[in-house]
Amino acid sequence: MSIEEKNMILEMVDELEERASIAIGEANYDDALKIYREILKAYEALKMERNCGLTLLSMAKVLLLQGKVENARELVDIASDINSLAVEDKNSVDIPAVKYSV
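Residues numbered from 1 in each chain as written. Predicted model: local features only at pLDDT ≥ 70, side-chain atom pairs only at ≥ 80, totals over all residues. Heavy atoms only, no water.

**Student:** Honestly, the overall build of the chain in this entry has me stumped. Any pointers?
**Tutor:** Broken down by element type, the chain carries 4 helices and 0 strands. When the elements of the chain are put in sequence order from the N terminus, they spell out α-α-α-α. Counting the 102 residues in the chain, one finds 32% classified as buried. Expressed as a percentage of contacts within the chain between residues at least 6 apart in sequence, the contacts between residues at least 24 apart total 54%. Carbon and sulfur atoms provide 50% of the accessible area of the chain, an area that totals close to 6,400 Å². (Helix = DSSP H or I, 4+ residues; strand = E, 2+ residues; numbered from the N terminus. Buried < 20%, exposed > 50% of the residue type's maximum accessible area, 1.4 Å probe, protein only. Contact = heavy atoms within 4.5 Å. Areas by Shrake-Rupley, 256 points an atom, 1.4 Å probe, with all protein chains shown as cover.)

Here it is in structure tokens:
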């Protein structure tokens, strides 16, 4: 993947983050989760594990707003594993949350 392609994806992620924020502000939580799933896919493609973890935490916050505490807890657990792996400077990590249905 070229630098230009990576930058284009990151610009797309910025736009998606803004859309997710608006959706949350309007209490459109299902839409926010769909947007975060797209963000997560983009970060996975870029192999940005820490950002994947942060996105999972954002998804967990939305799930909490929906009252889905157990689902949120699962994502927090996955995110904490990813972030600890990123700190240990691992090259890649399997992120099962992409297949996770919320």
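**Student:** Could you clarify how one ought to interpret the nonpolar core in this entry?
**Tutor:** Nonpolar side chains in soluble globular proteins generally cluster together in the buried interior. V13, Y36, I39, L56, M59 and L75 are the most contacted members of the largest nonpolar core, which has 25 residues in total. Looking at this core, the elements that each hand over two or more residues are α1 (3–25), α2 (29–45), α3 (49–65) and α4 (69–87). A total of 8 residues in this core trace back to one element, the largest contributor, which is α2. Here V13 is in contact with I39, A42 and Y43, once residues within four sequence places are set aside. (Core = buried A, V, L, I, M, F, W, Y, C linked by side-chain atoms within 4.5 Å.)

**Student:** Just to check I follow, could you spell out α1 for this structure?
**Tutor:** An α-helix turns once per 3.6 residues; consequently, residues spaced three or four apart project the same way. Taking 1.5 Å of rise per residue, 23 residues should cover 33 Å, and α1 covers 33 Å from first to last C-alpha, within 8% of that figure. Of the residues making up α1, those classed as buried are I9, V13, L16, A20 and A23. Those residues of α1 that are buried are in contact with α2. (Expected span 1.5 Å × (residues − 1).)

**Student:** Just to check I follow, could you spell out the pattern of salt bridges for this structure?
**Tutor:** Side chains that differ in charge, positive against negative, can pair when their charged atoms come close. Counted by the stated rule, this structure contains 2 salt bridges. One salt bridge connects E38 with K41, and the closest N-O pair in it is separated by 3.6 Å. Here E38 and its partner K41 are both found in helix α2, 3 residues apart, which amounts to about one turn of the helix. Under the relative-accessibility criterion, K41 is labelled partly exposed at 41%. A salt bridge links E70 to R73; the shortest N-O distance between them is 3.6 Å. Residue E70 and its partner R73 are both found in helix α4; the two are separated by 3 residues, about one turn of the helix. (Salt bridge = Lys/Arg side-chain N within 4 Å of Asp/Glu carboxyl O.)

**Student:** Sorry if this is basic, but what is going on with the environment of A45 here?
**Tutor:** By the element assignment, A45 lies in helix α2. Judged by its relative accessible area of 44%, A45 falls in the partly exposed class.

**Student:** What exactly am I supposed to notice about a negative patch on the surface here?
**Tutor:** A cluster of like negative charges, contributed by E11, D14, E15 and E18, occupies part of the molecular surface. Mapping E18 onto the fold places it in helix α1. (Patch = residues over 30% accessible without salt bridge, like charges linked within 9 Å, V, L, I, M, F, W, Y side chains within 5 Å. Lys, Arg positive; Asp, Glu negative; His and termini not counted. Charge placed at Lys NZ, Arg CZ, Asp CG, Glu CD.)

**Student:** Would you mind going over α3 with me for this structure?
**Tutor:** The terminal C-alpha atoms of α3, which comprises 17 residues, lie 25 Å apart, in line with the 24 Å expected from a rise of 1.5 Å per residue. Buried within α3 are the following residues: E49, C52, G53, T55, L56, S58, M59, A60, V62 and L63. Positive phi shows up at G67, right after α3, with a value of about 80°.

Bear in mind that shape data such as this cannot, by itself, settle questions of function.
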